[in-house]
Amino acid sequence: MHDELTDQPQTQPLDADIVCTGFGPAVAGFLWTLTQGLQKPEMAGVESKAMPGLPPQIVCYERADDISFGVSGVVTRARAIRASIPNLDPAEIPLAARVRNEKLIYLLDPLGVTRRPAWMRLADQLCRAFSGVLGVAHEGMALPWVPEFLHKRDGFIFSLGQFNQWVGQQVMMSGLAQIWPATPVAGPLIEEDRVAGVRLAADGSEVRAALTVVGDGPVGAVGRQLDEHFGMPAGHRRDEWAVGMKMVIDLPENCTLEEGTVWHTIGFPEPEIFGFLYVHPGRIASAGIFVPSWMDSPVRTSYRYLQHFIQHPYLWRHLRGGRLRSWGAKSLLESGRRGEPFLAGDGYARIGECSGSTNVLTGSGVDEAWLTGTQLAEAVLELLREGKPFTGENLENTYVARRRASWLEHESQAAEKARNGFQWGLLPGFLGMALAGLTGGRLSLPRPREDRHPKKLTDYYAGRLSRSEIERARQRAEAESRPLHDILMDMCGWPPVEYDGQLLVSHQDALLMGGKVQAPADFPDHVVFRSPQLCLQCEAHLCVEICSGEAIRISPENPAGVPAFDREKCVHCGACLWNCPVSNIEFCAAPGGLHSAEN
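In short, a report on the structure. (Residues numbered from 1 in each chain as written. Predicted model: local features only at pLDDT ≥ 70, side-chain atom pairs only at ≥ 80, totals over all residues. Heavy atoms only, no water.)

1. So, the overall build of the protein chain
Regarding its fold elements, the protein chain presents 19 helices and 22 strands. Here the C-alpha radius of gyration of the protein chain, 24 Å, is about what a compact globule of 599 residues would show, namely 25 Å. By the burial criterion, 61% of the 599 residues in the protein chain qualify as buried. Within the protein chain, contacts between residues separated by at least 24 positions form 76% of all contacts whose residues are at least 6 apart in sequence. When the accessible surface of the protein chain is summed, it comes to about 23400 Å², and 52% of that surface belongs to carbon and sulfur atoms. (Helix = DSSP H or I, 4+ residues; strand = E, 2+ residues; numbered from the N terminus. Rg over C-alpha atoms; globule rule 2.2 N^0.38 Å. Buried < 20%, exposed > 50% of the residue type's maximum accessible area, 1.4 Å probe, protein only. Contact = heavy atoms within 4.5 Å. Areas by Shrake-Rupley, 256 points an atom, 1.4 Å probe, with all protein chains shown as cover.)

2. What to know about the pattern of salt bridges
Per the stated rule, a full pass over the model turns up 36 salt bridges. The residue R100 makes a salt bridge to E259 at a minimum N-O spacing of 3.9 Å. Of the two residues, R100 is situated in the loop between β4 (97-98) and β5 (101-107) and E259 in the loop between β12 (241-250) and β13 (261-266); the sequence distance between them amounts to 159 residues. Of the residues examined, R100 reaches a relative accessible area of 56% and is grouped as exposed. For E259, a relative accessible area of 29% corresponds to the partly exposed category. Close ionic contact of R447 with D239 constitutes a salt bridge, the shortest N to O distance being 3.3 Å. Of this pair, R447 sits in the loop between α12 (426-438) and α13 (457-460) while D239 sits in the loop between α6 (221-230) and β12; the two residues are 208 residues apart in sequence, bridging distant segments of the chain. Classification of D239 by relative accessible area gives buried; the value is 18%. (Salt bridge = Lys/Arg side-chain N within 4 Å of Asp/Glu carboxyl O.)

Have a look at this one:
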């Protein structure tokens, strides 16, 4: 068999045939499918070009210090995962369960302090007035049906960390791939528009490979540098984001929630914030919220919102007396197909969330990411078998063609404009999602010409707080090193969170109890403010307010107004990156962050 790979000039010897960045569900799907395929008889003659005489050399570098890192409680239909693993038994994976019952729940405002629009306040009044007829109880109402595009009734509940660990063990047991945790990749090696491998963050050493598989998530250093170098396809932008924050909770003994319970929530703690609760085996639950980038508020401390969310009467009756096991946060790229970059080029391919695979209409991303990995693996097996090089053209004809012909493409097109209405307001947003979902994307609302940005503090709190009150709150926040949002919520009538030392704990205690934040001393700070002068001109300091670990602060120790960064608290969620209105933050590759296998 003629091997065209040997015809390709290599400026330097290869260190590996394939190098992967990040071990999330996309790379897990890629390595699972690739290692399974390499064991088939038809692949017996395929040899490594980096080490002739051996099987292809495949290496994956993961930033976190364990392959079980993955901040997500997942509910998924698992179509792609089950296609790859037909006999998947959730009992083999810790915290995995089949979905048994699913509800979409409207949460009323039990406190009277949320910024609900008039139509939602009216809805609350009607729900209370006709509570017996509508089935309203504990300030919540289960809607009579879950829209078809949202349902997960035939799927699984996972802990992404545990799922990653299970898959990683199977992959490494094959002996055909290596996974190296605690090894962040600083960036790609780009030579005349060809990706020739990666550069490691630890010592700057280069790892050269014929194919670089980029699956390092929405804020990964490799993917962002590829975007900067190659640009984005015409009309594509990454302008829809959210912070996902969650708790893993030991349920109290008196909790009656069954394993496999799935709740999707809307309406509280603010109308723009979506929530969820999933019940795992062993009386363990995941509860969390999504705080979107299109939210009007210029101050949005997610942890405070999360604590109020779990105390909503509809949830608190089941969670009261529980114990925090772990906690985590991550950025979610919600642009979907609109944020899709160039998927392949000479020497590289992109998979997973950084490739725009997340579907905001179905509220699903893990199975979609896995599918992109399996599609690339099938393409790689085909090219290896035929002895063809990993050129952009060959990857387009194999990997991208598979993706375009799959259900992932069909559903991503349906979801592409599902977020359009939220730029106009909350009600148009819900109507836009319903319109896109119920028509399969054939109908959607138009998108305004200008993006929706957070309001100024004085505008957002107009009628509730005066300019002088806001300024005093700002001075107090700086003096006490507290989030400004925390103080403003107090002033607007939100009740204080009364810590119980078990489930309701301070933000910093959550870092210690739930994630084991680690920041090796031999790495420089990975959050850098490029121009301090721009920080001085910023009013809201969104990077401070959105920081999931309170790692960014305006404090007395840094009185000039330039945020200070505490690497020991950073959970690597990346929210500061997309919240900075002038792109003044550099988010570098580094180890550290949260490492709970239960996340």
